[in-house]
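Coordinate inspection notes
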Amino acid sequence: MESVRIGLVGLGNMGRAHKANLLAGKVKGLELVAVCDLPPALEGVEEDLAKFTDAGEMIASGKLDAIHIATPHPFHCDIGCKALEAGLHVMMEKPLAVHKAECEQLIAAYKDKSKVLAAMFNQRTDPLYRKLKDLLDSGELGEVRRVQWNVTDWFRTQEYYASGGWRATWRGEGGGVLLNQCPHNLDLFQWMFGMPSEVHGFCNFGRYHQIEVEDDVSAYFRYPNGCNALFVTSTGEAPGVNRLEVVGEQGLVRLEDGTLHFRRNRTPMSEFSNETPSSFTQPEVWDTTIPVDGEAGQHLEILQNFTNAILHGETLISPAIEGIHSVELANAVLYSAWQNETIKLPLDSSAYKSELQDRIDKSTFKKREPRKTGGASADDFAKSF
Ligand SMILES: NC(=O)c1ccc[n+]([C@@H]2O[C@H](COP(=O)([O-])OP(=O)(O)OC[C@H]3O[C@@H](n4cnc5c(N)ncnc54)[C@H](O)[C@@H]3O)[C@@H](O)[C@H]2O)c1
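Now for a description of the structure that goes with this document. Values in this document were obtained by computation on a predicted structure and should not be read as measured data.

1. Observations regarding the sheet that holds strand β12 (residues 251-256)
A sheet is described by the order of its strands in space; here nine strands give the open sequence β14-β13-β12-β11-β7-β10-β9-β8-β15, paired in mixed fashion. The open sheet has two free edges, formed respectively by β14 (285-289) and β15 (343-344), since each of these has just one partner strand. Bridge count between strand β7 (residues 144-151) and strand β11 (residues 242-248): seven bridges; the pairing is antiparallel. From the neighbouring strand, R146 faces β11, where its bridge partner is V247. The strands touched by helix α8 (residues 183-193) are β7 and β10 (228-234); relative to β7, the strand with the most contacts, the crossing angle is about 165 degrees. Strand contacts of helix α10 (residues 323-339): β8 (198-205), β9 (214-222) and β15, with the helix running at about 70 degrees to β8, the strand carrying the most contacts.

2. Re the environment of D134
Structurally, the position occupied by D134 is in helix α6 (residues 127-137). The exposure class assigned to D134 is partly exposed, which follows from the 13 C-beta atoms found within 10 Å. For the pair D134 and M192, spaced 58 residues apart in sequence, the C-alpha to C-alpha distance is 8.9 Å.

3. Concerning the nonpolar core
Counting residues in each nonpolar core, the largest one holds 98 residues, and the members touching the most others are I67, V90 and V333. Among the elements that take part in this core, α10 stands out by supplying nine residues, more than any other. Shared between two domains, this core holds at least three residues of each, these being domain 1 (4-122 + 297-319) and domain 2 (124-296 + 326-362). Sequence-distant contacts of V333, that is, excluding residues within four places in its chain, are made with L178, V199, G201, C203, V217 and A219.

4. Re the sheet that holds strand β4 (residues 66-69)
Spatially, β3-β2-β1-β4-β5-β6 is the arrangement adopted by the six strands of the open sheet, whose pairing is parallel. Pairing within the sheet leaves two strands with one partner each, and these edge strands are β3 (50-52) and β6 (117-119). For this sheet, the mean angle separating the axes of adjacent strands, direction not counted, is 25 degrees. Sheet analysis places strand β1 (residues 4-9) next to strand β2 (residues 30-36), joined by six bridges and oriented parallel. Bridging across to β2, R5 finds its partner in E31. Along the sheet, helix α4 (residues 76-85) makes contact with β1, β4, β5 (89-92) and β6, crossing β5 at roughly 165 degrees.

5. Focus on the pairing of β14
With zero of its five residues buried, β14 lies for the most part at the surface. Bridge count for strand β13 (residues 259-265) against β14 is five bridges, and the pairing is antiparallel. Counted as the bridge partner of R264 is W286 from β14.

6. Topic: α8
The buried count for α8 comes to eight of eleven residues, which makes it a mostly enclosed element. Listed in full, the buried residues belonging to α8 are P183, H184, N185, L186, D187, L188, F189 and M192. At its buried positions, α8 is contacted by α6, β7, β10 and α10. Looking at the residues trailing α8, positive phi occurs at G194, about 80 degrees.

7. Considering the environment of M120
With respect to the secondary-structure elements, M120 resides in the loop between β6 and α6. Among the residues examined, M120 registers 28 C-beta atoms within 10 Å and is labelled buried. Sequence spacing of M120 and Y352 is 232 residues, and the spatial spacing of their C-alpha atoms is 24 Å. The residues contacting M120, other than those within four sequence positions of it, are M91, M92, E93, K94, H299 and I302.

8. A closer look at the pairing of β5
Side chains H89 and M91 of β5 all project onto a buried face; the interleaved residues V90 and M92 project onto the opposite face, where all are buried too. Both β4 and β5 contribute to a ladder of four bridges, which runs parallel. Within β5, the residue paired with I69 across the bridge is M92. After leaving β4, the chain enters α4 and then returns to the sheet as β5, a path that is right-handed. When β5 meets β6, the two strands line up parallel, connected through three bridges. Counterpart to M92 in the pairing with β6 is A119.

9. Here we look at the packing of helix α5 (residues 100-109) against α10
Between α5 and α10, the shortest axis-to-axis distance is 9 Å and the interhelical angle comes to 165 degrees. Judged by the inter-axis angle, α5 sits roughly antiparallel to α10. For the crossing formed where α5 meets α10, the hand is left-handed. Taking contact as the criterion, the partners of K100, C103 and I107 in α5 are, on α10, G323, I324, V327, E328 and N331.

Conventions adopted
- Residues numbered from 1 in each chain as written.
- Predicted model: local features only at pLDDT ≥ 70, side-chain atom pairs only at ≥ 80, totals over all residues.
- Pairing = 2+ DSSP bridges.
- Helix = DSSP H or I, 4+ residues; strand = E, 2+ residues; numbered from the N terminus.
- Contact = placed C-beta atoms within 7 Å.
- Axes fitted to C-alpha atoms, helices over the stretch in contact; angles between N-to-C directions.
- Buried ≥ 20, exposed ≤ 12 C-beta atoms within 10 Å, placed from the backbone.
- Core = buried A, V, L, I, M, F, W, Y, C linked by C-beta atoms within 7 Å.
- Domains from an automatic or database assignment.
- Right-handed = clockwise from strand over helix to strand, strands pointing away.
- Parallel < 35°, antiparallel > 145°, perpendicular 65-115°, else oblique.
- Left-handed = near helix turned anticlockwise from the far one by under 90°.

Put into structure tokens, the structure is as follows:
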């Protein structure tokens, strides 16, 4: 195979951006041949692309080697399973699915390992996160004692939530900031620090917006080695901040504003003494800004990697099967907030599924219609993926 013929499902904010990139030839070896959406979204689509209004028909058409699923999350699992069963390579948008049981279903459908199943965790291409992961994996920072990530720069307006009926509803999305914006951060979290053993979530539902789901979250993660982690996020704060602090045996790393700063202990934490006469002085550190080269290739890099994995066996940057972890974290935070108790992982996926279903069934919430003029539109956020 010299090139991969791909079909794209969902021509909204994300899908349109992918379509434009693929048609501009920005991913070598990946040829967009078909698209699928509801009829209004297909109007004006390029003549030479095959058009479908049903993903199953596109999958069965014989025109594709691969599919990219960019629909709202509740359709991810079903379309992904159908595509895998039909022998296609699959690129999933984040989140992998709405809840852990769907992720399990998708992973179970992935039987033919000669096919590539990848997920769009584009922030894994950011050299700052890659460098921090290197520091952790190489042991340079030592055992991790504490992590604190304040990621409150996901500001969204009410118009954004009103821009799609599915957004910020239990039925249409299965959650708010945890399911839409934070899959990236939660994926990076588990990629760098692994999965905690316990989760306690504190969520405010519709604190800043007229929505039924969470837009303000403080979560506590406890790791088997006693490491404590805090994850704080919101779509209502402005100005927000994106500051990640990691305290390890060898010092403190802070990632903020494009800089990775390391306060390296001159003696490891475990060797600090509280008994010596100089115990009132702070242990000494070296202060360094770690040089980080390169640019984040983001969505294009993930798509190129997906194509290279299909054509040349390149190792995936973000295998989709790892996407279950960020969904499990998001679900566990919500479940903990609903129950007001600490949740032990692994999360009981069927218990969570029925709790979510209960909220879907009982929801009577009506979102406000978008204003006719003024305010931001969803397109304003297209660059903030
Ligand atoms: N990786 C990223 O950085 C990133 C960024 C934005 C969105 N996303 C993800 O992409 C997905 C779509 O988000 P969006 O903002 O583009 O949404 P959107 O509402 O703008 O677009 C969704 C599109 O899917 C179509 N659609 C809905 N159900 C369908 C179905 N069954 N078959 C075919 N088409 C269907 C809709 O008509 C619409 O055109 C979400 O899962 C979101 O989390 C990922």
